[in-house]
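So you can see what is in the structure, the chains are spelled out below.
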Amino acid sequence: MNNMKFVFIFVSFLLYALVCQSVSAQSLTRSYLQGLLSNPPRDQEKLKPGTRHGCVHIPARGFMQRLMVGFEITGESCSVTVNRDNTVAVSFLGDAVIPLASTSTENLRTDIFVGGLEKDQVLIVQHHRGEVVSLTQTVYDESGDVVYGRSGNGDYIRECHFGMTTSERLAGRKKCNK
């Protein structure tokens, strides 16, 4: 009986690994994003309109902090306003209104929207069911890959992090403590 259980678990794991390997998201590269932004999908998902407030995070500078947490809180507050047409205004980017394109495809749903910024920079907007949960200003690395998560080599520029507790959000907290 134990041998059958082992074989079943092994085969299940093998099938899972093969399926997960074959279904992968498109790499976030300069050429892919330029094509996507110049010709966004017509029937793309919609982000929920509204304004969210958060705190600015930057990559950690100290070795231990980089190892343990990965970011520093600057103490600055930030906000993002999402418009009905999937454009956003971000407080730390001035008056610019940035059009976004979803990276989802017909076969694969993702939680990422992207927008092009000046100076060869990229805006990554992560969402959950249309609600913005993270916003990152980043760059391309030397290979043309976007520096985001495990993609690309280097550091992102800054992030507007919306990780306040429910009571802080309900109280309208907008200040960010260092």
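Note that the structure is predicted; figures quoted are calculated from it, not measured. (Residues numbered from 1 in each chain as written. Predicted model: local features only at pLDDT ≥ 70, side-chain atom pairs only at ≥ 80, totals over all residues. Heavy atoms only, no water.)

(A) Unusual backbone geometry, seen in detail. A positive phi angle is found at Asn86, which is not glycine, with a value near 60°. Mapped onto the elements of the fold, Asn86 is located in the loop between β2 (71-82) and β3 (87-90). One non-glycine residue, Arg129, lies in the positive phi region at around 55°. Given a relative accessible area of 71%, Arg129 falls into the exposed group. (Helix = DSSP H or I, 4+ residues; strand = E, 2+ residues; numbered from the N terminus. Buried < 20%, exposed > 50% of the residue type's maximum accessible area, 1.4 Å probe, protein only.)

(B) Local environment of the pairing of strand β8 (residues 131-139). One ladder, built from eight bridges, connects strand β7 (residues 121-128) with β8; its direction is antiparallel. Within β8, the residue paired with Gln121 across the bridge is Val139. Remark: two residues form the turn of the hairpin made by β7 and β8, two consecutive strands paired antiparallel; Arg129 in that turn has positive phi of roughly 55°. (Pairing = 2+ DSSP bridges.)

(C) Looking closely at the layout of surface pockets. Size it by volume and the largest pocket reaches roughly 340 Å³. Gly70, Tyr148, Gly149, Tyr156 and Glu159 are the residues nearest the centre of the largest pocket, which is lined by 16 residues in total. A class-by-class count of the residues in the lining of the largest pocket yields five nonpolar, eight polar and three charged. (1 Å grid on protein atoms, 1.4 Å probe; cavity = no way out; pocket = protein on both sides within 12 Å on 5 of 7 lines; lining within 4 Å. Points joined across faces, edges and corners; volume = space filled by probe spheres on them. Nonpolar A, V, L, I, M, F, W, Y, C, P; charged D, E, K, R; others polar.)

(D) Up close: a nonpolar patch on the surface. There is a patch of nonpolar side chains on the surface, built from Phe63, Met64, Leu67, Met68 and Val69 and spanning about 600 Å² of accessible area. Structurally, the position occupied by Val69 is in the loop between α3 (63-68) and β2. (Patch = residues over 30% accessible without salt bridge, like charges linked within 9 Å, V, L, I, M, F, W, Y side chains within 5 Å. Areas by Shrake-Rupley, 256 points an atom, 1.4 Å probe, with all protein chains shown as cover. Salt bridge = Lys/Arg side-chain N within 4 Å of Asp/Glu carboxyl O.)

(E) Region of the structure containing the environment of Asn39. Inspection of the secondary structure assignment puts Asn39 in the loop between α2 (30-38) and β1 (50-59). C-alpha of Asn39 to C-alpha of Ala101: the two residues are 62 residues apart in sequence and 8.8 Å apart in space.

(F) Quick look at the nonpolar core. Among the nonpolar cores identified, the biggest contains 19 residues, and Val80, Val88, Leu100, Leu123, Val125 and Leu135 are the most heavily contacted of them. When contributions to this core are tallied by element, the ones reaching two or more residues are β1, β2, β3, β6 (112-117), β7 and β8. Ranked by residues supplied to this core, first place goes to β2 with three residues. Leaving out residues up to four positions away in the same chain, Val88 has contacts with Val80, Thr81, Val82, Asn83, Ala96, Val97, Ile98, Leu100 and Leu123. (Core = buried A, V, L, I, M, F, W, Y, C linked by side-chain atoms within 4.5 Å. Contact = heavy atoms within 4.5 Å.)

(G) Representation of the confidence of the model for the chain. Per-residue confidence for the chain gives a mean pLDDT of 81, with 78% of residues at or over 70. Counting interchain partners and residues more than four positions distant, the pLDDT-below-50 stretch residues 5-24 has two contacts. (pLDDT = per-residue confidence, 0-100.)

(H) Looking closely at the state of the cysteines. Under the criterion given, the structure shown has one disulfide. A sulfur-sulfur distance of 2.0 Å marks the disulfide that ties Cys78 to Cys160. The chirality of the disulfide connecting Cys78 with Cys160 is right-handed, given an S-S dihedral of about 100°. Of this pair, Cys78 sits in strand β2 while Cys160 is found in strand β9 (residues 158-161), placing the two residues 82 residues apart along the sequence. For Cys160, a relative accessible area of 0% translates into the label buried. (Disulfide = S-S within 2.5 Å.)

(I) Molecular detail of the sheet that holds strand β4 (residues 97-99). Here nine strands make up an open sheet; going across it, the order is β4-β3-β2-β1-β9-β8-β7-β6-β5 and the pairing antiparallel. Among the strands making up the open sheet, the edge pair consists of β4 and β5 (101-102). Bridge count for β3 against β4 is three bridges, and the pairing is antiparallel. In the sheet register, Val88 faces β4, and the bridge partner there is Ile98. Across the face of the sheet, α2 comes into contact with β5, β6 and β7 while running at roughly 90° to β6. (Axes fitted to C-alpha atoms, helices over the stretch in contact; angles between N-to-C directions.)

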